[in-house]
Amino acid sequence: MKVNACRVKCQYFNKSTNMHSTTSAEDVVNVDVYSVKGLLSVGHRYLDVRTPEEFNKSHVDGAFNVPYMFITQEGRVENPDFLSQVSAICKKDDHLVVGCNSGGRARRACVNLLNAGFEHVNSMEGGYSKWVDSGLAGDKPAETLKTACKFRP
């Protein structure tokens, strides 16, 4: 499946209502892991939104980590500083590929980023687990690289 990985601004101005349209999860472009590898080779940045523990176990080469959610005693909570932390290290016109463990957090993070004005944001379909399963993480055994998804119900 061929995907147009470079998005034009997803948040757009609706002239008939004089309001900005809000992006939803259905508006996020999902890119397969092989296309992501190509995008990274031409300068796209990889934003890993997993927890620091997941990221420290293994991650895409050159990735930077800003957790989208945390696990607390109260359960799963969204990182209240997510957008400000990303904004501190990325420009709104940077080309970003967002990944998590399996895709859910990345899609939600993409929605937040697009609604905040980031222009070129894509989600890595299948997340880091798919990256590992596709052999893109090197020759270490998959079980040493992947973590169980703590964010699925």
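Residues numbered from 1 in each chain as written. Predicted model: local features only at pLDDT ≥ 70, side-chain atom pairs only at ≥ 80, totals over all residues. Heavy atoms only, no water.

An unreviewed UniProt entry lists the chain under the name Rhodanese domain-containing protein, with Morus notabilis given as the organism.

(A) Examining the pairing of strand β6 (residues 69-72) more closely. Across four bridges, β6 lies against strand β7 (residues 75-78) in antiparallel orientation. By the bridge assignment, Phe70 is partnered in β7 with Val77. What sits between the antiparallel neighbours β6 and β7 is a turn of two residues. (Pairing = 2+ DSSP bridges. Helix = DSSP H or I, 4+ residues; strand = E, 2+ residues; numbered from the N terminus.)

(B) Quick look at the packing of aromatic side chains. With the rule as written, the count across this model stands at one aromatic pair. Relative to Phe82, the ring of Tyr68 lies with its centre 5.1 Å away and its plane at 90°, an arrangement referred to as edge-to-face. Within this pair, whereas Tyr68 is found in the loop between β5 (64-65) and β6, its partner Phe82 is found in helix α3 (residues 82-89), the two being separated by 14 residues in sequence. Judged by its relative accessible area of 2%, Phe82 falls in the buried class. Over the ring of Tyr128 we find Arg50, and its NZ or CZ is 4.6 Å from the ring centre. (Phe/Tyr/Trp six-rings, centres within 6.5 Å; stacked < 30°, edge-to-face > 60°. Buried < 20%, exposed > 50% of the residue type's maximum accessible area, 1.4 Å probe, protein only. Lys NZ or Arg CZ within 6 Å of the ring centre and 35° of its normal.)

(C) Quick look at the pairing of strand β4 (residues 45-48). As defined by bridge partners, β4 adjoins strand β8 (residues 95-99) across four bridges and the pair is classed as parallel. Bridging across to β8, Arg45 finds its partner in Leu96. Taking the sense of rotation as the criterion, the β-α-β connection linking β4, helix α2 (residues 52-57) and β5 turns out right-handed. (Right-handed = clockwise from strand over helix to strand, strands pointing away.)

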